[in-house]
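Spelled out from the first residue to the last, the chains are:
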Amino acid sequence: VHFNVSIRLEDCPKISKQSHIFSLYPVGLSEAVQIQLETLCDCDCELPPQAEMNSARCSYAGSYECGVCNCHGDHFGRLCNCSSNSTAEELLTNNLSCKKDGIGEACSGRGDCVCGECQCHQRTNTQEVVDGQYCHCDNFTCPRDEKQRMCGGPERGFCSCKKCVCEKGWTDEDNACTCTTDDSACLDKKGGVCNGNGICSCGQCKCLETDRGRYEGQLCEDCPDCGGKCDDLRPCVECQIWQSGEYNEDACRNNCTVEIMTQTSLPEALCIFTDKDGCTFRFSYSLDASNKTTIYVLDTKDCPQPANVMAIIIGVAGGILIAGILLALIVRLFFFFKDRRDYARFLEQVKATTWGQEENPIYKAAISNYTNPTYGTAKPVQ
């Protein structure tokens, strides 16, 4: 016969440690199982002598049990130092203790001040936590990188109290742990850092500016305006590689004893010059243990594209022709509108003129009428 029994203690007896014995048996059988049950409602740390009754740790208003205060009566708080009957002065003192440096909002506006201690508000996102003595810390307002990853992502760092804590191999806490401590990208061919002309910062060379000039390039290998040894080697490079420059054939043979090698690519171009034709050529040099100089020259020059003379002539001639046509059209239109304006003015003057109707004093008509003065006065003949 198998029994599945669940036993639940409804409440604790007055005597904490007490044994109970009872039997379980199926109906119809004479056999029974006797069970001895011992209740344990209190821990040893909750009972004397381990527990401190009316402890000073609990402001004499509670018992210090198992590392925490069990407050008596109407007292509450972590140290039982608050009471529902606290005076206004005590409440003000408790509220001030929730303000950082005694100023600003209590609990930084992100928590409730309970008995002089801040209880920080919980966020909707359970992964976001507000904490700190004054609720002034959190794990979600740290700097983000260009991909909006907080502290550069979990592989680079994590957020603690609004500051990034970078993992090993990364630094720059104020900028999302975006700075690597690996300086392998700053090492030059000789095993040095930035050719001795810069410092390695965040895995990149930051070149220095000296009295000779400013260095540049990925490994601070270029210094176009430094001069010095570059100026000394320039004539030999020009005469041996490009058959140009200040040295003629004899001077080149007598003065240039250094070894010169052409290269299809030149990652470290220390010397950059422009010849008389406007072409730019580059070379670098190195010194071995015996101080012997070897020059490495890029085998191509960067020359400006020659001007297309015919295109320039056609363009200029076409521009002049178009300008002439436009000028002629402008002059023709000017006189056309001027003539129209003058003709309209003439018509207005004609309409405004009034001609006189008086007779010319010297005018004489072609027909004259005369009256015989004696006509009608003669007497008839008797």
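The name an unreviewed UniProt entry gives the protein chain is Integrin beta subunit tail domain-containing protein, with Strigamia maritima as the organism. Recorded under Subcellular location (unreviewed entry), the UniProt text for the protein chain is reproduced unchanged: "Membrane". Within the UniProt record for the protein chain, the comment given under Sequence similarities (unreviewed entry) is "Belongs to the integrin beta chain family."

**Q** Explain the overall build of the protein chain here, please?
**A** Along its length, the protein chain carries 4 helices and 20 strands. Within the protein chain, buried positions represent 23% of all 382 residues. Partitioning the contacts of the protein chain with sequence separation of at least 6, the portion at a separation of at least 24 is 28%.

**Q** How should the UniProt feature "transmembrane region" (unreviewed entry) in the protein chain be read in this particular structure?
**A** In the UniProt entry, the feature "transmembrane region" (unreviewed entry) is given for residues 309–335. Each end of residues 309–335 is marked by a C-alpha atom, and these two atoms are 39 Å apart; helix forms 100% of the span and strand 0%.

**Q** Even after reading the chapter, I still don't get the nonpolar core, so can you show me in this structure?
**A** Grouped together as the largest cluster of nonpolar side chains are 14 residues, with contacts concentrated most on Val237, Phe273, Phe283, Ile295 and Val297. Sorting the residues of this core by element identifies α2 (229–242), β18 (271–274), β19 (280–287) and β20 (293–298) as the ones contributing at least two each. Of all the elements, α2 adds the most residues to this core, at 5 residues. The residues touching Val297, leaving out its near neighbours within four places in the chain, are Val237, Ile241, Trp242, Ile260, Met261, Thr262, Gln263, Arg282 and Phe283.

**Q** What is the right way to read the packing of aromatic side chains from this model?
**A** Where two aromatic rings form a pair, the distance of their centres and the angle of their planes describe that pair. Scanning all chains against the criterion turns up 5 aromatic pairs. Where Phe336 meets Phe337, the ring centres are 5.3 Å apart and the plane angle is 75°; that geometry is what we call edge-to-face. Here the aromatic residues Phe273, Phe281 and Phe283 are joined through ring pairs into a cluster of three or more. In this structure, Arg57 packs its charged tip against the face of Tyr64, placed 4.4 Å from the ring centre. For Arg156, the ring lying beneath its charged end belongs to Trp170, and the centroid distance is 4.1 Å.

**Q** Explanation requested: the state of the cysteines in the structure shown.
**A** Here, disulfide denotes a covalent bond that connects the sulfur atoms of two cysteines. Counted by the stated rule, this structure contains 19 disulfides. The partner cysteine of Cys137 in its disulfide is Cys161, sulfur to sulfur 1.8 Å. On the sign convention where negative means left-handed, the S-S torsion of about -50° between Cys137 and Cys161 marks this disulfide as left-handed. Linking Cys137 in strand β10 (residues 137–138) with Cys161 in the loop between β11 (157–160) and β12 (163–166), this pair joins segments that are 24 residues apart in sequence. Judged by its relative accessible area of 32%, Cys161 falls in the partly exposed class. A disulfide bridge connects Cys230 with Cys271, and the sulfur atoms are separated by 2.0 Å. The chirality of the disulfide connecting Cys230 with Cys271 is left-handed, given an S-S dihedral of about -70°. Of this pair, Cys230 sits in helix α2 while Cys271 sits in strand β18; the two residues are 41 residues apart in sequence, bridging distant segments of the chain. Taking relative accessible area as the criterion, Cys230 reaches 7% and is therefore assigned buried. For Cys271, a relative accessible area of 1% gives the class buried.

**Q** It is not clear to me how the pattern of salt bridges should be interpreted in this structure. Could you clarify?
**A** In a structure, side chains of opposite charge can pair up when their charged atoms sit close to one another. Under the definition given, this model contains 13 salt bridges. Where Glu155 meets Arg149, a salt bridge forms, and the shortest distance between an N and an O atom there is 3.6 Å. Exposure remark for Glu155: the relative accessible area of 47% places this residue in the partly exposed category. Taking the relative accessible area as the measure of exposure, Arg149 reaches 27% and is therefore partly exposed. The closest approach of N and O atoms between Arg234 and Glu238, which form a salt bridge, is 3.4 Å. With a gap of 4 residues between them, Arg234 and Glu238 both fall in helix α2, about one helical turn apart. The class of Arg234 is partly exposed, set by a relative accessible area of 24%. According to the relative accessible area criterion, Glu238 is buried, its value standing at 7%. Connected through salt bridges with shared partners, the residues Asp145, Arg149 and Glu155 form a single ionic network.

**Q** Mind showing me how you'd approach the side chain of Ser83 here?
**A** Within the secondary structure, Ser83 is located in strand β6 (residues 82–83). A distance of 3.3 Å separates the side chain of Ser83 from the side chain of Asp74, its partner in a polar contact.

**Q** Please explain α2 as it appears in this structure.
**A** The α-helix advances 3.6 residues per turn, and as a result positions three or four apart in sequence lie on the same side. The first and last C-alpha atoms of α2 sit 19 Å apart over 14 residues, in line with the 20 Å expected at 1.5 Å per residue. Residue Cys236 marks the point of greatest curvature in α2, where the axis turns by about 25°. Those residues of α2 that fall on the buried side of the exposure criterion are Cys230, Leu233, Pro235, Cys236, Val237, Glu238 and Cys239. Taken from the residues just after α2, Gln243 is the one with a positive phi, measuring 50°.

**Q** Would you take a moment to explain the pairing of β11 for this structure?
**A** Residue alternation in β11 divides its side chains into a buried set, Gly157 and Cys159, and an unburied set, Phe158 and Ser160. Sheet topology note: the β11/β12 ladder contains 4 bridges and is antiparallel. Bridge pairing in β12 places Cys159 opposite Cys164. In sequence, β11 turns back onto β12 through a hairpin of 2 residues, with Cys161 there showing a positive phi of about 55°.

About the cut-offs
- Residues numbered from 1 in each chain as written.
- Predicted model: local features only at pLDDT ≥ 70, side-chain atom pairs only at ≥ 80, totals over all residues.
- Heavy atoms only, no water.
- UniProt positions renumbered as here; feature names shortened; annotations may be inferred.
- Helix = DSSP H or I, 4+ residues; strand = E, 2+ residues; numbered from the N terminus.
- Buried < 20%, exposed > 50% of the residue type's maximum accessible area, 1.4 Å probe, protein only.
- Contact = heavy atoms within 4.5 Å.
- Core = buried A, V, L, I, M, F, W, Y, C linked by side-chain atoms within 4.5 Å.
- Phe/Tyr/Trp six-rings, centres within 6.5 Å; stacked < 30°, edge-to-face > 60°.
- Lys NZ or Arg CZ within 6 Å of the ring centre and 35° of its normal.
- Disulfide = S-S within 2.5 Å.
- Salt bridge = Lys/Arg side-chain N within 4 Å of Asp/Glu carboxyl O.
- Polar contact = N/O pair within 3.5 Å; in protein donor to acceptor, adjacent residues only side chain to side chain.
- Expected span 1.5 Å × (residues − 1).
- Bend = angle between axes of the 7 residues up to and from the residue.
- Pairing = 2+ DSSP bridges.

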